[in-house]
Amino acid sequence: MNKLKFKDKINVDLLIYLAIVVVSVIILAFLDMNKFEYNYAISIIEKSLVYAVVALSMNIVTGFTGLFSLGQAGFMALGAYTTAILTIPVASRPNVYYMNGILPALENAVVPIPVALILGGLVAALFAALIGIPVLKLKSDYLAIATLGFSEIIRAVIASPMMDKITNGSYGLKSIPGFKSSVECFAFSLICIVLMVLIINSSTGRDFKAIREDEIAARSVGINIFKTKELSFVVSSFFTGVGGGLLAMFMRSIDSKTFQITLTYDILLIVVLGGIGSITGSIVGAFFVTAGKEILRFFDEPLVVAGTEIPLFKPGFRMVIFSILLMVVVLFFRKGLLGGKELSIKGMKKYSRKKEEQNIDEGGAV
Amino acid sequence: MNINQLLQHALTGISVGGCYALIAIGYTLVYGILRLINFAHGDIFMVAGYFMIFSFAVMPFPVAIVVTLVGTTVLGILIEKFAYSPLRQAPRMSVMISAIGVSYLLQNLATYLFTALPKAYPAIPGLKQVIKIGDISTSLVTILTPIITILLVVLLLWLVNRTKIGMAMRAVSRDYEAASLMGIKLNQVISFTFAIGSLLAAVGSILYFTDRMTVFPFSGSLPGLKCFVAAVFGGIGSIPGALVGGFFIGICETVIKAIGLSTFSDAFTFIVLIVMLLIRPTGLFGEKNIDKV
């Protein structure tokens, strides 16, 4: 009897989540239908969704496994380039590779977008697996700098003249097919996020957290430390690669400069602000930072109040605000917005119940 | 490539290497004491460039140099006070994120204040003077850089090995807690370490930018990372190691650029890092504890 009730409850939660998804789809579909009016909003939402995927994938390795990896930009580059090379329409290829021509083998290689995204993820995962073998043995800060180094190496190889016929070298790739609608972007991101959440909440995910909390204790309960770290790194890189592919679709044109260290820092900003080790934190953080950067754009324009120009407002001001925000969070709210906790229906119910009880208690006291 | 060209490249490489060595020492000192990769160190180096540009515009150059050195030193100490010292007890990842945050802040602040466009670096009288040795022509700064670097390193080694504060630095780097139990004032020693690191970065910045002639907000980030690699290569914590590492990275980079593979010159540095971490994580001079600061 009891069991049945418990099950019912879960289903109710699931239904609420489903309802949220349905409502989001309806809103997005509405925005899509009035594309010209809401172009700006759509692009912010799409960018946030893509960043949410990448931030969550970084959180798997940094927040849940406790490995400080700064290789995000490199894995994104791998995913983005794979997706782009395999989806640029054949007709526009001569136009894209006008300088150096294209490798004959790639001339007609086109796959459907979902397949290209998965392949992009797989390429990133493969590289991560190879890189992980030597790098994951390193201690925390060496790991950070080594992964950062790999990301730069990947970028240098992509931009090198030897890769001209594949990556178009320093000219970059353009004419990448974008999202047909924001619903499509939402669907891709949602699938990635749901898969990552399932992994984090699985027994493998618990192994990750065990390693984060105490490596020696984790080893003593029979977790293979190296294998688990490698798995976390590979899984994270797979989704980072897919996220890179989504970013390529969002941007429509990419070059090796897109994937500089600053990109990794931008994602780190999201993860830290949202809360290291919080799934919903990364997602909320992605929307908060992306939308915030757009909304605060007016800080970058000269502001005139009563005829006098306020000197504070000029290009770059919003990024200063974001960096100060990052420092404030790092120094005073070390756990970020959500601090390792999750936003969930269950949590909200618990919270409201607690509030109610509190109210009753207070009432009793009076 | 004839012998003259080779010598020319070697000279350039040694000069760049000298600047790298000066920055690498900053990483090595801080890592030795706090076990922290000071990601902001490269940006301190960049800010030193801006200090020079603006002070040079309003005062005679000897004063401008002093102002740059003092300003950068103060900046280093302030960053430590505000961004790192509140996190003494925090997990290492938090401190590292804080360092990245400072780096992010300095870059964005520089973009905001001075725009992202490269600014011309002032020519310090005499430094750009062309000198001819046989068939090789070079500027004074190219020759001066390695000499200044080696002099400063000798001075630093004396400071670390022969003075009281140097002894305190070595003690803190060996055992943090025991040192504080012995009555060493941790915060003072750490501030002093940051001061020296930033001062050397400022000297490096003057020599480096005099040769490059422009400064922009991101001109510190890549040299910064390279110098960290140089510090790891030489053995983190070792001052002679940082010197050797700096020269090694500088010379290799110049050679790679000279043979026409400049796209790989940055990647090469990181390959050095990874190979070194795999073969000998302690670096070239890592085991000589006597110089570990």
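Everything below is about the structure printed above this text.
Predicted model, so just to flag it, every value in this text is computed and none were measured.

> Sorry if this is basic, but what is going on with the overall build of chain B here?
Each helix and strand counted, chain B has eleven helices and four strands in total. Compactness check: chain B gives a C-alpha radius of gyration of 19 Å against a globular reference of 19 Å for 293 residues, within 12% of the reference. On the principal axes, the C-alpha backbone points of chain B span a range of 60 × 45 × 35 Å. Summarising the internal contacts of chain B: among those between residues at least 6 apart in sequence, 77% fall at separations of at least 24.

> I'm lost on the overall build of chain A in this one. Help?
Summing up its helical and strand segments, chain A has 15 helices and two strands in all. Compactness check: chain A gives a C-alpha radius of gyration of 23 Å against a globular reference of 21 Å for 366 residues, within 12% of the reference. With the principal axes as the frame, chain A shows a C-alpha extent of 80 × 70 × 40 Å. Classification of the 366 residues of chain A by burial places 42% in the buried group. Across chain A, every contact between residues at least 6 apart in sequence was considered, and the portion connecting residues at least 24 apart equals 81%.

> Help me out: how do you make sense of the interface of chain A and chain B in this one?
Size of an interface, as often reported, equals the accessible area lost when the parts are brought together. Facing the 32 residues of chain A at the interface are 30 residues of chain B. When residues of the side of chain A that touches chain B are traced back to their parent elements, those giving at least two are helix H6 (140-159), helix H12 (261-274) and helix H14 (317-332) of chain A. Examining the composition of the side of chain A that touches chain B, we find that twelve residues originate from one element, H6 of chain A, more than from any other. Looking at the side of chain A that touches chain B, its residues break down into 24 nonpolar, five polar and three charged.

> Looking at this structure, I do not really get the packing of helix H3 (residues 72-87) of chain A against helix H5 (residues 113-135) of chain A. What am I missing?
Axes are the key here: two packed helices are described by the angle between their axes and the distance separating the axes. Residues and elements named next belong to chain A. Two elements in contact, H3 and H5, have axes whose closest approach is 8 Å; the angle formed by their N-to-C orientations is 145°. Crossing of H3 over H5 shows right-handed handedness. Residue-level contacts link Phe75, Leu78, Gly79, Ala80, Thr82, Thr83, Leu86 and Thr87 of H3 to Ile113, Ala116, Leu117, Leu119, Gly120, Gly121, Val123, Ala124, Phe127 and Ala128 of H5. The residue makeup of the contact of H3 with H5, split by class, is twelve nonpolar, six polar and no charged.

> Please explain H14 of chain A as it appears in this structure.
Every α-helix carries 3.6 residues per turn, so stepping three or four residues along brings you back to the same face. An ideal rise of 1.5 Å per residue puts 22 Å on 16 residues; H14 of chain A measures up with 22 Å between its terminal C-alpha atoms. Listing the buried residues of H14 of chain A in full gives Phe317, Arg318, Met319, Val320, Phe322, Ser323, Leu326, Val329 and Val330 of chain A. Each element contacted by the buried residues of H14 of chain A is listed here: H12 and helix H13 (279-295) of chain A together with helix H4 (92-114) of chain B.

> Is there a simple way to explain unusual backbone geometry in this structure?
For residues that are not glycine, phi is negative in most cases, and the peptide bond is trans in most cases. Residue and element names in this part refer to chain B. Positive phi, close to 60°, is recorded for Thr115, a residue that is not glycine. Considering the arrangement of structural elements, one finds Thr115 in the loop between H4 and strand E1 (119-120). Accessibility expressed as a C-beta count within 10 Å gives 14 for Thr115, which makes it partly exposed. Residues other than glycine seldom take positive phi values, yet Met213 does so here, at roughly 75°. If you trace the backbone, Met213 turns up in the loop between helix H8 (186-212) and strand E4 (214-215).

> Teacher, can you tell me more about the pairing of strand E2 (residues 130-133) of chain B here?
Consecutive side chains of a regular strand alternate in pointing toward one face of the sheet and then the other. Residues and elements named next belong to chain B. The pairing of E2 with strand E3 (residues 136-139) spans four bridges and is classified as antiparallel. Counterpart to Val130 in the pairing with E3 is Ser139. Turn length for the E2-E3 hairpin, with the two strands adjacent in sequence and antiparallel, is two residues, and the turn residue Gly134 shows positive phi of about 60°.

> In this structure, what is going on with H6 of chain A? I would like to understand it.
Counted at 1.5 Å a residue, the expected span for H6 of chain A with its 20 residues is 28 Å, and the 29 Å between its end C-alpha atoms agrees. Among the 20 residues in H6 of chain A, 17 count as buried, and that is most of the element.

> Can you walk me through the environment of Leu148 of chain A in this structure?
All names here are of chain A. Assignment of secondary structure puts Leu148 in helix H6. For the pair Leu148 and Ile261, spaced 113 residues apart in sequence, the C-alpha to C-alpha distance is 7.6 Å. Once residues lying within four places of it in the same chain are set aside, the contact partners of Leu148 are Leu70, Gly71 and Ile261.

> Where do I start with the nonpolar core in this structure?
One recurring pattern in soluble globular proteins: nonpolar side chains tend to sit buried together. One finds Val53, Ala55 and Val272 of chain A together with Ala24, Val229, Ala230 and Ala231 of chain B to be the most contacted residues of the largest nonpolar core, which totals 188 residues. Top contributing element to this core by residue count: helix H1 (residues 3-34) of chain B, with 14 residues. Setting aside its immediate chain neighbours within four residues, Ala230 of chain B contacts Tyr20, Ala21, Ala24, Ala242, Gly245, Gly246, Phe248 and Ile249 of chain B.

Parameters and conventions
Residues numbered from 1 in each chain as written. Chains lettered and ligands numbered in written order. Predicted model: local features only at pLDDT ≥ 70, side-chain atom pairs only at ≥ 80, totals over all residues. Helix = DSSP H or I, 4+ residues; strand = E, 2+ residues; numbered from the N terminus. Rg over C-alpha atoms; globule rule 2.2 N^0.38 Å. Contact = placed C-beta atoms within 7 Å. Buried ≥ 20, exposed ≤ 12 C-beta atoms within 10 Å, placed from the backbone. Nonpolar A, V, L, I, M, F, W, Y, C, P; charged D, E, K, R; others polar. Axes fitted to C-alpha atoms, helices over the stretch in contact; angles between N-to-C directions. Left-handed = near helix turned anticlockwise from the far one by under 90°. Expected span 1.5 Å × (residues − 1). Pairing = 2+ DSSP bridges. Core = buried A, V, L, I, M, F, W, Y, C linked by C-beta atoms within 7 Å.

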